[in-house]
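# Tertiary structure, described
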Amino acid sequence: MDKPPIAEAIGLTKHFNTHIALEGVSFSLREGEVLGILGANGSGKTTLLRMLAGLMKPTAGQARIRGEDIGGPSLEARRQVGFLTGNTRLYEKLTPRDILQIFGQLYGLEGAVLAERIHGLAEEMRLHAFLDKRCGQLSSGMRQRVSVARALIADPSLYILDEPTAALDPMASHDIVELIRKAKARGRAVVFSTHRMEEIEYLCDRVLFLREGRVATQGSLEELKRQSAQAKLTDIFLYFAQGGL
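Quick caveat: nothing in here was measured; it's all calculated off a predicted structure. (Residues numbered from 1 in each chain as written. Predicted model: local features only at pLDDT ≥ 70, side-chain atom pairs only at ≥ 80, totals over all residues. Heavy atoms only, no water.)

When helices and strands are tallied, the chain shows nine helices and 10 strands. Over its C-alpha atoms the chain spans a radius of gyration of 18 Å, differing by no more than 12% from the 18 Å that the globule rule assigns to 245 residues. For the chain, the spread of C-alpha atoms along the principal axes amounts to about 50 × 45 × 40 Å. With 245 residues in all, the chain has 49% of them scored as buried. Counted over contacts in the chain with a minimum sequence separation of 6, partners at least 24 positions apart contribute 66%. Summed over its atoms, the accessible surface of the chain is roughly 11,800 Å², and 50% of this surface lies on carbon and sulfur atoms. (Helix = DSSP H or I, 4+ residues; strand = E, 2+ residues; numbered from the N terminus. Rg over C-alpha atoms; globule rule 2.2 N^0.38 Å. Buried < 20%, exposed > 50% of the residue type's maximum accessible area, 1.4 Å probe, protein only. Contact = heavy atoms within 4.5 Å. Areas by Shrake-Rupley, 256 points an atom, 1.4 Å probe, with all protein chains shown as cover.)

Two quantities define a packed helix pair, namely the angle between the helix axes and the distance between the axes. Across the interface, helix α8 (residues 221-228) lies against helix α9 (residues 233-241) with an axial gap of 10 Å and an inter-helix angle of 60°. If you check the angle between α8 and α9, you find them oblique. Where α8 crosses over α9, the two elements pack in a sense that is left-handed. Between α8, through Leu221, Leu224, Lys225, Gln227 and Ser228, and α9, the contact on the second element is made entirely by Leu233, Ile236, Tyr239 and Phe240. Residues belonging to the contact of α8 with α9 are distributed by class as follows: six nonpolar, two polar and one charged. (Axes fitted to C-alpha atoms, helices over the stretch in contact; angles between N-to-C directions. Parallel < 35°, antiparallel > 145°, perpendicular 65-115°, else oblique. Left-handed = near helix turned anticlockwise from the far one by under 90°. Nonpolar A, V, L, I, M, F, W, Y, C, P; charged D, E, K, R; others polar.)

Taken together, the four strands give an open sheet; going across it, the order is β2-β1-β4-β5, and neighbouring strands pair in antiparallel fashion. Of all the strands in the sheet, the pair left with one neighbour each is β2 (19-29) and β5 (68-69). In the packing of helix α1 (residues 45-52) onto the sheet, contacts are made with β1 (7-16), β2 and β4 (60-65), and the angle to β2 comes to roughly 55°. (Pairing = 2+ DSSP bridges.)

Under the defined criterion, the tally for this structure stands at 12 salt bridges. Here Glu124 ties to Lys182 by a salt bridge, and the two come within 4.0 Å at their closest N and O atoms. Of the two residues, Glu124 is situated in helix α4 (residues 111-125) and Lys182 in helix α6 (residues 170-185); the sequence distance between them amounts to 58 residues. Its relative accessible area of 38% is what places Lys182 among the partly exposed residues. Here Arg181 ties to Glu178 by a salt bridge, and the two come within 2.7 Å at their closest N and O atoms. You can see Arg181 and its partner Glu178 sitting in helix α6, three residues apart, about one turn around the helix. The buried category is assigned to Glu178, whose relative accessible area is 15%. (Salt bridge = Lys/Arg side-chain N within 4 Å of Asp/Glu carboxyl O.)

Burial analysis of strand β7 (residues 158-162) places five of its five residues in the buried class, which makes it a mostly covered element. The pairing of strand β6 (residues 81-84) with β7 spans four bridges and is classified as parallel. Pairing of Leu84 across the sheet is with Leu161, part of β7. Bridging between β7 and strand β8 (residues 189-193) involves five bridges; their strand directions are parallel. Paired with Leu158 across the strands is Ala189, a residue of β8.

What follows concerns the pairing of β1. Bridging between β1 and β2 involves seven bridges; their strand directions are antiparallel. Bridge pairing in β2 links His15 to Ile20. The antiparallel hairpin formed by β1 and β2 contains two residues in its connecting segment, where Asn17 sits at a positive phi of about 55°. Pairing of β1 with β4 involves five bridges; the strand directions are antiparallel. Counterpart to Ile10 in the pairing with β4 is Gln62.

Along the polypeptide, Thr194 turns up in the loop between β8 and α7 (197-203). Only 3.0 Å separates the side chain of Thr194 from the backbone nitrogen of Arg196, close enough to count as a polar contact. Side-chain polar atoms of Thr194 contact the side chain of Glu199, separated by 2.9 Å. Not counting the four nearest positions on each side in its chain, Thr194 is found in contact with Ile37, Leu38, Glu163, Thr165, Glu199 and Ile200. (Polar contact = N/O pair within 3.5 Å; in protein donor to acceptor, adjacent residues only side chain to side chain.)

Shown next, in the form of structure tokens:
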């Protein structure tokens, strides 16, 4: 018998006055699954991820984490989510270590457990060289690495990542891709948006393509290839972005 999904989007809809940002988006995500969100700029990717993380209230529909409404009064569902926004703002007077300690404590981590988690993330994300420098002194790429570590400090059940490799060099991008791959192997569910086609091909079990706030299609990469009659993911992207299917 299949395990129940970790995350579900059920008819998620978001209107800003007369503007339709998202309309009727549904999917489910189980343990060890990686779902890639594709779409042109303005297609609703960030809005979808923010509602799934409980940071934005839907106009209609519901986002559930392990069967519980993410927007409900209980905080338990939100504790199972790690969300990386596209905004990499950090507390400039604090160090990455300070930030990871604070956010770890907010998730209930303490003592040796928290120290081990910080050490492990510093290894995976190559943070050691600047772990004790003030964030105001860090480059944009370093800040992005710290932001990823901050979002994932508690190793949550669901990783929600909005363009996690944006502004990163190839080495840093590789570190994040490998972190996602390892999370998948541990049974974590991952949903992320990206414009990097190679990440979709390497990581994703399924792809959801948004166009003007609606689902143009979703399925495995092989299913999208059949639907579009295209072999390369860049051509598949262009096919659906330009109104295919």
